[in-house]
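# Residue-level structure breakdown
Chain by chain, the residues:
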Amino acid sequence: MENRWPAAVAVMLLAGATAACTATEAGSTDRALEAAAGPSITMRQLPADIGQVAYPLDRYRLTAAEQRLMEQATYGLVRRCTLRFGLDLPPLGKAIDKTRRDRYGLSDPVEARTWAYSLDKPSVLAPAWLAPIAPGNRLHSIVTGSTADGRPAKEQGLPAGGCGGSARRALAQDRTSLGDDLVARLDSEAWKNARADARVQRAESLWQRCMNAAGYRYQNAVEAPYAYWGEQRLLGRKAVSPAEKKSGIKPSRAEVAAALVDVRCKRTSGFLQTWVAVTIARQHQLVIDHGPALRQHREALSSSVRTAKQFLRAG
C-alpha cells in the first residue's frame, strides 16, 4: 500500500525484544524480556504513525487510492439520483482516512496531545458529504431509503435502499459484502489471539511498570485508561454545557499528560512493537488458511474499482 511501513520488518523472529521504560532502565528491561520470553519478536523500527504499518490482510482491502476512487464514484451516482428528486448533496469533501490508529489503545502522540482519551474525536466512518445531512431530513431519507425511525422512505420512484443502495448496486459493492465481513472477522481474530499471546502479555507487564514509575496505575493498556479518564471527565459536573454536547468534553492538562506518558511507555516497553509483530504473524497464517476466499474477495473488489473507473471516465 502507498507509504506503508513494510510488514516484513515486523516479523523478524529473533531472541529478545526492544524494551525500556526509561533510559536508565533500558538494559535491565531488555534482559528481563530475554530471560522471561525466550524466542520473541524484535522490531527496532516502528513508524511514529502506527497507521502506516502494513498488515497481510490489507491486500484484501481497498488501497487508499481505490477508496478515494470509490468515494468519488459513489458520490457521483448518489448525486445523480438525488437530483432527480430536486435535491443536491453537500460537497464531496476530503478523502476519508479509514486508518485504524487505536487498535492497540492510545498509541499516536498527536492524538494524545489533541484528544487524549476522549471518545469525541471526529468519526472516520461516514463520508464527509453524508455527515452534514441530519437524520430525518428528506435528503437523508432519499440517500438512505429510510426515515429517522428506520421505516422505509415514502418517495415515489425511490430505488430500494435509496440512492445509496442504488449506487452500491451500480458499483457491484453488494458482491464484496461477504468478503468485507470475512476480512473484518479475520482481523479481529488475529488481534484477539495476539493480545492473548504470552509475549504480548509480558510486554504489557513492562508497560505497567513504566506507567507505575510515572505515577499511573491501570489494569491494562487498552480499555482501563479510557474508562478511568472518562469518569474523571464527568466528576463534579452537574450538567454538560450546550457547547460540550456539540463538540464533547475536552481533555484536561492532567489527562493529556497521562496520555503522552502512555504513548511513550507503549513504545519504550516494547508492548506496542510486540503486539504489532505478533498480530502480523497471526494475520499471515490466517491469509494462508483462507487463501481461496480472500483471493476471490480481492477479485470482487478489483471488479468494483474497474466499474467505478468506467463511471468516472464516462462522466
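Our structure is the block above this text.
Residues numbered from 1 in each chain as written. Predicted model: local features only at pLDDT ≥ 70, side-chain atom pairs only at ≥ 80, totals over all residues. Heavy atoms only, no water.

## Digging into the overall build of the chain
Where we set the bar: Helix and strand assignments follow DSSP, with helices taken as H or I runs no shorter than four residues and strands as E runs no shorter than two, numbered in order from the N terminus. The buried label applies to any residue whose accessible area, calculated with a 1.4 Å probe on protein chains only, is under 20% of its type's maximum; exposed applies above 50%, and partly exposed to all values in between. Note on contacts: a residue pair is in contact if any heavy atoms of the two residues lie within 4.5 Å. Using the Shrake-Rupley algorithm and a 1.4 Å probe, accessible areas are obtained, with residue cover drawn only from the displayed protein chains.
Across its full length, the chain holds 12 helices and 2 strands. Every one of the 315 residues in the chain was classed for burial, and the buried ones make up 46%. Counting contacts in the chain only where the partners sit at least 6 residues apart, residues at least 24 apart contribute 77% of the total. Total accessible area on the chain stands at roughly 16,500 Å², and carbon and sulfur atoms take up 55% of it.

## Brief notes about the state of the cysteines
Threshold: Any pair of cysteine sulfurs within 2.5 Å is marked as a disulfide.
Tallied over the full model, the rule gives 2 disulfides. With its sulfur 2.0 Å from that of its partner, C81 forms a disulfide with C163. Since a negative S-S torsion denotes a left-handed disulfide, the C81-C163 link at about -65° is left-handed. With a gap of 82 residues between them, C81 in helix α2 (residues 64-83) and C163 in helix α5 (residues 162-170) connect regions that are remote in the sequence. Across this residue pair, the class does not change: C81 and C163 are buried. What links to what in the chain: the bonded cysteines, counted in sequence order, pair as 1-2, 3-4.

## With respect to the nonpolar core
Taken as a class, soluble globular proteins show a tendency for nonpolar side chains to be buried jointly. Which entries qualify depends on this criterion: Among the buried residues, those of types Ala, Val, Leu, Ile, Met, Phe, Trp, Tyr and Cys that are joined through side-chain atoms within 4.5 Å form a nonpolar core.
One finds Y104, Y218, W275 and V276 to be the most contacted residues of the largest nonpolar core, which totals 35 residues. Of all the elements in the fold, those that place two or more residues in this core are α6 (177-195), α7 (198-213), α8 (223-234), α10 (253-268) and α11 (271-289). Every residue in contact with Y218, bar those within four places of it in the chain, is listed here: W207, Q208, M211, A224, P225, Y228, W229 and A258. Counting residues in each nonpolar core, the second largest holds 23 residues, with L69, V78, I142 and L158 among its members.

## Digging into unusual backbone geometry
Phi angles above zero are rare outside glycine, and A116 is one such case at about 50°. Following the sequence through the fold, A116 ends up in the loop between α3 (109-114) and α4 (138-144). The backbone of A172 shows a phi angle near 60°, a positive value even though the residue is not glycine. Within the secondary structure layout, A172 lies in the loop between α5 and α6. Judged by its relative accessible area of 19%, A172 falls in the buried class.

## Comments concerning α7
Stated precisely, the cut-off is as follows: A helix is expected to span 1.5 Å for every residue after the first. Of all possible arcs, the one meant is that of the directions from the helix axis to the C-beta atoms.
Its 16 residues place the ends of α7 23 Å apart at the C-alpha level, agreeing with the 22 Å of an ideal helix rising 1.5 Å per residue. When α7 is considered as a whole, its buried residues turn out to be R199, V200, A203, E204, L206, W207, C210 and M211. Projection of α7 onto a plane perpendicular to its axis shows the buried side chains occupying an angular sector of 160°, all on one side.

## Focus: the packing of aromatic side chains
Rules: Within 6.5 Å between ring centres, the rings of Phe, Tyr and Trp (the latter by its six-membered ring) count as paired, and their orientation is classed by plane angle as stacked under 30 degrees, edge-to-face over 60, tilted in between.
As enumerated under the stated definition, the model contains 9 aromatic pairs in all. Ring centres of Y117 and Y226 lie 5.2 Å apart, and the angle between their planes is 80°; this geometry places the pair in the edge-to-face category. Of this pair, Y117 sits in the loop between α3 and α4 while Y226 sits in helix α8, and the two are 109 residues apart along the sequence. Of the two residues, Y117 and Y226, both sit in the buried class. Ring centres of Y228 and W229 lie 5.1 Å apart, and the angle between their planes is 85°; this geometry places the pair in the edge-to-face category. Exposure remark for W229: the relative accessible area of 9% places this residue in the buried category.

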